[in-house]
Amino acid sequence: MAIRPILRMGDPRLRQVSQAVAEFDTPELHELIADMFETMAAADGAGLAAPQIGVLQRIMIFSVDDNPRYPDVEAVPTTVLINPQFTVIGQEIDGFWEGCLSVPGMRGYVQRPARIRYSGFDQFGKSIEREAEGFHATVFQHEYDHLDGILYVDRLADPRQFGFVEELAAADGA
Ligand code: NI
């Protein structure tokens, strides 16, 4: 296992559309997933998409449990999703202050569909299908966007609700 460098906004690889994975349960795929988990944990990330480490394949992971970067959100199950898809359930919209390991030190307020049904495969090729809401639904959609070259800063409803974590926290506590 290895911690891989995380690409930062401005790197053109973060703006490309990633390719579907064709083969499951290979040593290369297992190594990649292990590296993604190690890289995400080292950075206290809630999720990570393969293109963030320069691998342009449709793979995402996420996991939230007592995360110091997201202390106020509910837990999200540790998940590997390959070739994911999703559909929106209902009209409800939810908003969160999102961050991204590719946009370090910043947060922005993003609104997304509150309830979704998603599906995909794990690294063994086993299919996964779930309904998600709240932060779980947001994390999925944030990571899914990475697979299409989209960053959360593209989805800010109001560019004034975007800034550095310390300044936002200081303003909130003032
Ligand atoms: Ni991100």
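See above for the structure.
The structure displayed is predicted, hence computed values, not measured ones.

**Quick word on the overall build of the protein chain**
1) Next: Helix and strand counts for the protein chain stand at 3 helices and 8 strands.
2) Next: When the helices and strands of the protein chain are placed in sequence order, the string is α-β-β-β-β-β-β-β-α-β-α.
3) Next: Relative to the compact-globule value of 16 Å for 174 residues, the protein chain shows a C-alpha radius of gyration of 16 Å, a close match.
4) Next: Each principal axis of the C-alpha distribution contributes one length, and for the protein chain these read about 50 × 35 × 30 Å.

**Digging into the coordination of the nickel ion**
1) Next: All of the protein donors around the nickel ion are Cys 100 (SG), His 142 (NE2) and His 146 (NE2); their distances to the metal are 2.1 to 2.3 Å.
2) Next: Mapped onto the sequence, the residues coordinating the nickel ion show the spacing C-x41-H-x3-H. One end of the pair, Cys 100, is in the loop between strand E4 (93–98) and strand E5 (106–113); the other, His 142, is in helix H2 (residues 134–147), with 42 residues separating them in the sequence.

**Topic: the side chain of Glu 143**
1) Next: Secondary-structure assignment places Glu 143 in helix H2.
2) Next: The contact partners of Glu 143, leaving out residues within four places of it in the chain, are Gly 47, Leu 48, Ala 49, Gln 52, Met 60 and Ile 61.

**Quick word on helix H1 (residues 27–42)**
1) Next: Here H1 contains 16 residues, and its C-alpha end-to-end distance of 22 Å stays within 8% of the 22 Å for a straight helix at 1.5 Å per residue.
2) Next: By the burial criterion, the buried members of H1 are Leu 29, Leu 32, Ile 33, Asp 35, Met 36, Thr 39 and Met 40. With its buried residues spanning 165 degrees around the axis, H1 presents them on a single face. Every exposed residue of H1 that faces more than 90 degrees away from the buried side is listed here: Pro 27 and Ala 41.
3) Next: For H1, the elements touching its buried residues are strand E1 (47–49), strand E2 (59–64) and strand E3 (76–88).
4) Next: Downstream of H1 by one or two residues, Asp 44 has phi in the positive range, about 55 degrees.

**Considerations on the sheet that holds E4**
1) Next: If you walk across this open sheet you meet the 3 strands as E4-E5-E8, and the pairing is antiparallel. Every interior strand has two partners, whereas the edge strands, E4 and strand E8 (162–164), have only one. With direction set aside, neighbouring strand axes in the sheet form an average angle of 25 degrees.
2) Next: Relative to E5, E4 runs antiparallel, the two sharing 6 bridges. When the bridges of E5 are listed, Trp 97 appears paired with Tyr 109.

**Some details on the sheet that holds strand E6 (residues 115–121)**
1) Next: Ordered in space as E1-E2-E3-E6-E7, the 5 strands form an open sheet in which the pairing is antiparallel. In this open sheet, the two edge strands, each paired with only one partner strand, are E1 and strand E7 (127–133). Between one strand axis and the next, the sheet turns by 40 degrees as a mean value, whatever way the strands run.
2) Next: Sheet topology note: the E3/E6 ladder contains 5 bridges and is antiparallel. From the neighbouring strand, Thr 87 faces E6, where its bridge partner is Arg 117.
3) Next: Strand contacts of H1: E1, E2 and E3, with the helix running at about 40 degrees to E2, the strand carrying the most contacts.
4) Next: Packed on one face of the sheet, H2 meets E1, E2, E3, E6 and E7 and runs near 70 degrees to E3.

The rules we used
Residues numbered from 1 in each chain as written. Predicted model: local features only at pLDDT ≥ 70, side-chain atom pairs only at ≥ 80, totals over all residues. Heavy atoms only, no water. Helix = DSSP H or I, 4+ residues; strand = E, 2+ residues; numbered from the N terminus. Rg over C-alpha atoms; globule rule 2.2 N^0.38 Å. Donors = N, O, S within 2.8 Å, 3.2 Å for Na, K, Ca; no water. Contact = heavy atoms within 4.5 Å. Expected span 1.5 Å × (residues − 1). Buried < 20%, exposed > 50% of the residue type's maximum accessible area, 1.4 Å probe, protein only. Arc of directions from axis to C-beta. Pairing = 2+ DSSP bridges. Axes fitted to C-alpha atoms, helices over the stretch in contact; angles between N-to-C directions.

By themselves, these are just geometric observations and shouldn't be taken as functional.
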